[in-house]
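# Summary of the model geometry
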Amino acid sequence: MNFGKNLIVLYVSIVVGLCGCNDNKKVDLVISDTSIDSDSTKTHNNVVVDNGLKFIFPNFSKVDLVCGTMPSPNDNSVILVAEAAYTGDYLDEFQHTNIAGDHVSNGKKYQGYSCSRNTGAFVYYKNHWKFCSQDYSHELDSAAMYGGAVFTQELIIKENTLIKTPRKDFSQNIFRALCELHDNLCIIESDSITSFGDFKKKLVEANVENAIYLDMGSGWNHAWYRSSDSIVELHPKTHNYCTNWITFYEK
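Overview of the structure. Not measured: the values here are computed from a predicted model. (Residues numbered from 1 in each chain as written. Predicted model: local features only at pLDDT ≥ 70, side-chain atom pairs only at ≥ 80, totals over all residues. Heavy atoms only, no water.)

### Things to note about the sheet that holds strand β20 (residues 230-234)
Reading across the sheet, the 5 strands line up as β5-β21-β6-β19-β20 and stay open at both edges, with antiparallel pairing between neighbours. The sheet is open, and its two edges are formed by β5 (60-67) and β20, each paired on a single side. Pairs of neighbouring strands in the sheet enclose a mean axial angle of 20°, with direction left out of account. With 7 bridges connecting them, β5 and strand β21 (residues 244-250) associate as antiparallel partners. Opposite Val 66, over in β21, you have Trp 245 as the bridge partner. (Pairing = 2+ DSSP bridges. Helix = DSSP H or I, 4+ residues; strand = E, 2+ residues; numbered from the N terminus. Axes fitted to C-alpha atoms, helices over the stretch in contact; angles between N-to-C directions.)

### Things to note about the pattern of salt bridges
Inspection of the entire model under this criterion finds 8 salt bridges. In this structure, Arg 176 and Glu 189 form a salt bridge, with 2.8 Å as the shortest nitrogen-oxygen distance. With Arg 176 in strand β15 (residues 176-181) and Glu 189 in strand β16 (residues 184-190), this residue pair connects regions lying 13 residues apart in the sequence. A cluster of three or more residues bridged by salt bridges with shared partners is formed by Arg 117, Glu 154 and Arg 167. (Salt bridge = Lys/Arg side-chain N within 4 Å of Asp/Glu carboxyl O.)

In structure tokens form, the structure reads like this:
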């Protein structure tokens, strides 16, 4: 997963349905970061909006689940942050048991609360990742052993196949997911309010191989990423009840 340092180019194959036609149109998007200063040695994230979706491809060296306090933009090693697992109650103090599902943060395993909505897990250790379904308890142990990270959430797509989720297709929101697309990790978000069914359909049209939901409740949808030397915020921060964040660190 090596990217060029001065100019990053990603080819994303998007399949878009044509109105009034049974055929599908395949579009190859060339995503290049041309906003980098000439003396810049690297870019942090590549962002493109297409077919109602915003794609954020981080150029990272490490992924972790940070718990308790949201990573600060003042930490220059952090390039992308978004809320991951659900949070239980509105507590005055952080507790790992207030995170939905067992999880691993910075190589340490913690017990969260049982959540029936969590149908899968994202696992990262030894510079590799997995999107898991069914029994993934051994993966939590492996991630803890190798200093990795795990969170559990609603699995949307597993190996190019849509997974039935507890969330209803008619529900409306701006939706976000951690995805694998052409063997690259990315965060994909709808660029406006849409139905969950339409969001899933567009992920499939984009040929997303694996996808797991990221919490998008009001305030929990606050995220940020680093663009060159500036910070781009996604949705305002309205409270301090968030508990855990999928965090990408620079290459």
